[in-house]
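Examination of the molecular architecture
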Amino acid sequence: MRYLALMSYDGTNYHGYQIQPDQRTIQQEVEAVLKRMHKGQTIKIVASGRTDAGVHALGQAFHFDSDLDIPEIRWVRALNAQLPEDIVVLSVIGVSGDFHARFDVAEKWYDYHIYNSAIADPFKRHYSAHVSHPLNIGAMQKACEYLVGTHDFTAFCATNSNVTDSKVRTIYQATCKKTADNMIVFSVSGNGFLYNMVRIIVGTLIDIGYGRKSPTVIKEALVTLDRNTLGKTAPAKGLYLKKVVYNKN
């Protein structure tokens, strides 16, 4: 039986999602619990995508196969009883045997949190990037408008990316909004994202908010494909994988 699970996690204490030698990861923790539940049998999980060290998830999805006859709600209870407190399984549902958590993704949503205040907040230090200088939200939102649509996002991909095929992606929505507690939330949805793409966008938006760059730098980079014209990669700690939408389940 194949199952689709939804989970939320605080990425602060993990070296990203994917298993790595001698590093603590989200995948490692989940698979260790599944192995215990299956009496030592290795059960691999396949996620919608990887998240880097320090990145959080509100709605990461993964699939796994199991021959255990357990009701869906009991899967949730059993997994959460053994997982660390900073990883929580929200739901587990049965899906068809050909479902794939990565390849069947239709849309992904990410949020990035910027704490825009003269004084840092120690309770937000792991969950947002602190920017002390006031940022121009209007200019940042104008820049967001250039992201929407189907474009070649080569300029917004980390130089050490192993992506060798097309870097064309479609962005459905991109917005910047400021909340009452001085948090600026950049929200973006698309059919896929390149390595560090959201963090490069945010680093550029911060420069635009400062007035260091024009909003049109986004539009120009989509034509020139020049990474050097954009801002620095924003810190991982402000990034959240918010939601994954599937074609089928």
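Just above sits the structure.
Attention here is on the structure that accompanies the text. (Residues numbered from 1 in each chain as written. Predicted model: local features only at pLDDT ≥ 70, side-chain atom pairs only at ≥ 80, totals over all residues. Heavy atoms only, no water.)

A closer look at the overall build of the protein
Helix and strand counts for the protein stand at 5 helices and 10 strands. Since a compact globule built from 249 residues should have a radius of gyration of about 18 Å, the 19 Å found for the protein is in line with a globular shape. Referenced to the eigenvectors of the C-alpha coordinate spread, the extents of the protein come out at roughly 60 × 40 × 35 Å. Of all 249 residues assigned to the protein, the portion counted as buried reaches 51%. (Helix = DSSP H or I, 4+ residues; strand = E, 2+ residues; numbered from the N terminus. Rg over C-alpha atoms; globule rule 2.2 N^0.38 Å. Buried < 20%, exposed > 50% of the residue type's maximum accessible area, 1.4 Å probe, protein only.)

Concerning the packing of helix H3 (residues 137–147) against helix H5 (residues 216–224)
For the pair H3 and H5, the least separation of the axes is 7 Å and the interaxial angle reads 25°. Between H3 and H5, the interaxial angle falls into the category roughly parallel. Crossing hand, H3 versus H5: right-handed. Contact with H3, carried on its side by Ala143, Tyr146 and Leu147, involves Thr216, Ile218, Lys219 and Leu222 of H5 and no other residues of that element. (Axes fitted to C-alpha atoms, helices over the stretch in contact; angles between N-to-C directions. Parallel < 35°, antiparallel > 145°, perpendicular 65-115°, else oblique. Left-handed = near helix turned anticlockwise from the far one by under 90°. Contact = heavy atoms within 4.5 Å.)

Section: the pattern of salt bridges
Applying the stated criterion to the full structure yields 8 salt bridges. For Glu31, the salt bridge goes to Lys44, with nearest N and O atoms at 3.6 Å. Separated by 13 residues along the polypeptide, Glu31 in helix H1 (residues 26–37) and Lys44 in the loop between H1 and strand E2 (46–47) bring together distant segments of the chain. Relative accessible area serves as the criterion here: at 53%, Lys44 is assigned to the exposed category. For Asp111, the salt bridge identified is with Lys242, shortest N-O distance 3.7 Å. (Salt bridge = Lys/Arg side-chain N within 4 Å of Asp/Glu carboxyl O.)

Limitation: the analysis is restricted to geometry and does not speak to function.
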